[in-house]
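Each chain, letter by letter, is given below.
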Amino acid sequence: MKVVITHTIKKKEFRRGDLMEKNLQVILKGFKKGIFDTIRGLQLPVNSRLIKVYATTVYGARRIVYLVDMENGDGFLLFYRDKKDRIGKNISLQNPYFKTALTEHLILLHKDLTNGLYDEYEL
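In this report, we go over the structure that sits alongside the text. Note on numbering: residues in each chain are counted from 1, in written sequence order. In keeping with the model being predicted, local features are shown solely for residues with a pLDDT of at least 70 and side-chain atom pairs are shown and tallied solely at 80 or more, while totals for entire chains, interfaces and linings include all residues. Side-chain calculation: all heavy atoms of the structure are included, whereas hydrogens and water are not.

## A look at the pairing of strand β1 (residues 2-6)
Between buried and exposed lies partly exposed: a residue is buried under 20% and exposed over 50% of the maximum accessible area for its type, with that area taken using a 1.4 Å probe on protein chains only. Numbered from the N terminus, helices here are DSSP runs of H or I no shorter than four residues, and strands are runs of E no shorter than two. Here β1 lies mainly inside the structure; five of its five residues are buried. As paired strands, β1 and strand β6 (residues 118-122) are joined by five bridges and run antiparallel to one another. Bridge pairing in β6 places Lys 2 opposite Glu 122. Of the strand pairs in this sheet, β1 and strand β5 (residues 75-82) are connected by two bridges, and their pairing is parallel. Pairing of Val 3 across the sheet is with Gly 75, part of β5. Pairing between strands is defined by DSSP: at least two bridges between them are needed.

## What about the layout of surface pockets?
A water-sized probe, rolled over the atoms, reveals where empty space remains. Approximately 270 Å³ is the volume found for the second largest pocket. Only protein atoms enter the 1 Å grid, on which a cavity is a set of points fitting a 1.4 Å probe that cannot get out and a pocket is an open set with protein on both sides within 12 Å along at least 5 of 7 lines, lining residues being those with an atom within 4 Å of a point. Lining the second largest pocket we find 16 residues, and of these Pro 45, Ser 48, Leu 67, Leu 106 and Leu 109 sit closest to its centre. For the lining of the second largest pocket, the element with the most residues is helix α3 (residues 96-114), which contributes six residues. For the lining of the second largest pocket, a count of residues per class yields ten nonpolar, five polar and one charged. Grid points are joined across faces, edges and corners, and a volume is the space filled by probe spheres set on the points. Only Asp, Glu, Lys and Arg are considered charged, only Ala, Val, Leu, Ile, Met, Phe, Trp, Tyr, Cys and Pro nonpolar, and every remaining residue, Gly among them, polar.

## With respect to the packing of aromatic side chains
Working definition: an aromatic ring pair is given by the centre-to-centre distance plus the angle between the planes. Aromatic contacts are taken between Phe, Tyr and Trp rings whose centres are within 6.5 Å, Trp giving its six-membered ring; a plane angle under 30 degrees counts as stacked, one over 60 as edge-to-face, and the others as tilted. In the structure shown here, the tally under the stated rule is three aromatic pairs. Ring centres 5.0 Å apart and planes at 55° place the aromatic pair Phe 31 and Tyr 66 in the tilted group. Here Phe 31, found in helix α2 (residues 21-33), pairs with Tyr 66, found in strand β4 (residues 60-69); they are 35 residues apart in sequence, far enough to count as distant. Exposure remark for Tyr 66: the relative accessible area of 0% places this residue in the buried category. Note on Phe 79 and Phe 98: the rings are 5.4 Å apart at their centroids and 50° apart in plane angle, and the pair reads as tilted. Residue Phe 79 is located in strand β5, and its partner Phe 98 is located in helix α3; the two are separated by 19 residues in the primary sequence. You'll find Phe 79 and Phe 98 in the same group, each marked buried.

Structure follows, in structure tokens:
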């Protein structure tokens, strides 16, 4: 089981594309714990689902969204947002900001995976 973070999503979710060590540990720990809510998504790849994890950091509360490959259990980071962010405050398809960003992030994820632009973290 691993967490995959693509380069483009890392740049979008973290200032200047810098994935600070504390953020990385929150992302990995959040996925490994296995305490999450399943959320609906549009046009998801076959045998996948979206999960939302709530995390508390020294920077405040965060919402983390992963696309999970149900065949091997790997998680692909899609969002790492402050709960006060316009996307982070309502991670659901009822939020038009999330709905639009989800479609965009799924396209970016596919493109980066196809081009080998990602980092893998074993759990």
